[in-house]
Amino acid sequence: MTHPKRREAAERLAANAPEGALSVVMDPDPTGTPSVLRTALAAWRSIAPDATHHLLLQDDMILSDSFFERVHRAVEEMPDAALSLFCLWDSRNGAAVRLGALAGARWVEAVNEYTPTVAIVLPRRAAVGFAEYGARRLGSWPDDILMRGYLRAEGIRSFVAVPNLTEHDDKPSLSGNAFRGPRRSVCFLPGDPARDEHRRLAGLSVAPFFKNGVARCSVRIPGSAPTRWQDIDAEQYLAGQGVDLDRLRSRLRGIAIDPRTPGLWGTWLTSFVTGLVDGTHQTVQQPDQRRDSAALSEALASIGPGGLSHNRSEQDLDAARGELRRVSELGVAAGVEAAALAVPGRPRRRRPGRAPEVVAVLGGNTPLGEFVVRGLRDRGHQVRVLDLRTPDGTLPDVDYGVIGRSGDARPARELASADAVVDLSELRHDRPPTAPGTDATETTETAERMDARDRTERMDARDRTETADAGDATDVSSARRLRDAAAARSPHALLIRVSPFPAAEHPGPLEYFLHPGDLYGPGCARDSVIGRMVWQALLSRPIVPALRPEESLHPLHVDDLVNAVSVAIRTRPTARALALGTPCSVADVAAAIQRVVRPVPVEHWHAALAGPGQSAAPGDRLPGWRAGVDLAYGLHTFAQWLAYEGEHGETD
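Criteria and cut-off values
- Residues numbered from 1 in each chain as written.
- Predicted model: local features only at pLDDT ≥ 70, side-chain atom pairs only at ≥ 80, totals over all residues.
- Heavy atoms only, no water.
- Core = buried A, V, L, I, M, F, W, Y, C linked by side-chain atoms within 4.5 Å.
- Buried < 20%, exposed > 50% of the residue type's maximum accessible area, 1.4 Å probe, protein only.
- Helix = DSSP H or I, 4+ residues; strand = E, 2+ residues; numbered from the N terminus.
- Contact = heavy atoms within 4.5 Å.
- Pairing = 2+ DSSP bridges.
- Axes fitted to C-alpha atoms, helices over the stretch in contact; angles between N-to-C directions.
- Salt bridge = Lys/Arg side-chain N within 4 Å of Asp/Glu carboxyl O.

Describing the nonpolar core
Phase 1: Counting residues in each nonpolar core, the largest one holds 119 residues, and the members touching the most others are W44 and L83.
Phase 2: Per element, the largest residue contribution to this core is nine residues, and it comes from helix α20 (residues 631-644).
Phase 3: W44 has contacts with H54, L56, I120, L122, A127, F130, A131 and M147, leaving out every residue within four places of it along the chain.
Phase 4: The next biggest cluster of nonpolar side chains, apart from the first, holds 56 residues, and it includes A103, W268, F272 and A320.

Shown next as structure tokens:
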């Protein structure tokens, strides 16, 4: 698939393939708004009448020597699966490829992000089905996010090649992706032969990746259906596993390497977690211990350059590649060593001075609540989740109870024995985001009409009186029932209410109000001033702020909220009303979104688009705490969550 500007490259790619293997499909509207999806749909529709599978390649792909032979063999082994032949070096699927290389696999099951579509094979029914699915959503999400939504809805498994079968030629992007920096394969070996395509790795539960200069982990929520993941910082993940980060830093300092090398800590962290989880949580469907040393070396070598590619030139990345390769290899070895020393079933190590031990979280079975619960657990608290609904998936080392279930007195007992109660019930009004690509009406509406529709839905919801089934109440009645449940706590226990509303004039004994300002980040809905702007940029639409550019927002990232709750629990501050958000102009927030989400234009503000307000409430600053999440980085994590995980809030 190609555009007239790059027709020559596409024709050259087709000419070098076996006769009849590839044909060139042109963008059907080359003078229109740039759209990879529009051209992709034309390419999927071009499937031959007698074909069992369809291969799609973008025109800037470089193919391995064994490309067609490996594709044929893989299709024979996995005839019903989607097969991605390329993924980026800083992606979650890139992390999966590294774990596949460690396990000696040739294919690895894709994890929670877009489905790589620049080089992909689909079974016939999927190719035809996606062409219809995507046509109803033209003008909404990019084709790779829509592909993930389609495959998930149809129950079609997706695998990524280890090593990749293609490399990106990195020609100038026609679809607005140049701002992301060099876009290279996680692992490409041009001379890799076709062999052992039956060896595949499935069931990943942790995927460590280095992106935008930060080491992160995608962690699957056990028991969730459909499967859901949480992206957290690698440091948080390791703290939750009881790993001593200071000792890990000391070990890095002991390596004879130039300390001025960029990306050392992020590369070290990512590679250490990669080694730590290797073999611990993974399942190879066809066991085979024969690792491909060349593939493994190449996959590890791309950790550091990939994590720095957002703001470094190709030349800078090449200069640092050798040193970072060494760090990644030593990091993986250190992680494997740590995993071997771990005792199965041993409780996580808790740091001294982390008190109180027991924290009950009311309203923790929401997307936002899950991040708060994991964050408190990983900071050393013993967490109990009490909610009106049964959890969809549970975190290890966390207790769960359902309030109001007939004959179950355990929630009341757990509240009574808790050292602190964290009430998230007043944050439950946040509406989950629309599933990416699932709302067909969204493809033809302007941003203004879409937002007007959202406001109507909210007003209708306030006017309705719904009868609640067991564990399924309206937001208002749910919040009231959870607040009432807090009365069962011990008189010596703290009560921390996280609320967008002003504090009560006369708070109860040991009752604190934490005002989160403009809360954003993983788990948060798009129905807010910040969320709306991020959502618009994700859909490549102009950002239309709901406030004047000079007006102030008070952004607070979810990670900073969790840290504030933890500090308040441990320190029991004198002030009862605490304000957490940090002032920042609307214009600055919009500019940061342009940098890290997508460089779309910012249009004139539109008051009618205002979502739920979270303006700064009066309150003192929390002693011993300060916000630590950089705004641009925090917005990036928010956008990633909305695109990859936020879709589970609503269905087609």
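Considering the sheet that holds strand β22 (residues 577-579)
Pairing between sheet strands relies on hydrogen bonds along the backbone, with the strands arranged either parallel or antiparallel.
Phase 1: The sheet built from seven strands is open, its strands ordered β15-β14-β13-β16-β17-β18-β22 with parallel pairing. The open sheet terminates on both sides in strands that have one partner only, identified here as β15 (398-402) and β22. For this sheet, the mean angle separating the axes of adjacent strands, direction not counted, is 20°.
Phase 2: Here strand β13 (residues 358-362) pairs with strand β16 (residues 420-423) via four bridges, running parallel.

As for the pattern of salt bridges
Phase 1: If you walk through the whole model with that rule in mind, you get 32 salt bridges.
Phase 2: Where E113 meets R92, a salt bridge forms, and the shortest distance between an N and an O atom there is 3.3 Å. Within this pair, whereas E113 is found in the loop between β4 (107-109) and β5 (119-123), its partner R92 is found in helix α4 (residues 92-103), the two being separated by 21 residues in sequence. R92 carries the same exposure label as E113, and that label is buried.
Phase 3: Its salt-bridge partner being E370, residue R228 comes within 2.6 Å of it at the nearest N-O pair.

Some thoughts on the pairing of β5
Each regular strand displays side chains that alternate between the two surfaces of the sheet.
Phase 1: Where burial is concerned, most of β5 is hidden: five out of the five residues are buried.
Phase 2: The alternating pattern of β5 places A119, V121 and P123 and I120 and L122 on opposite faces, both of which are buried.
Phase 3: Where strand β1 (residues 53-57) lies against β5, five bridges are found, and the strand directions are antiparallel. Bridge pairing in β5 places H54 opposite L122.

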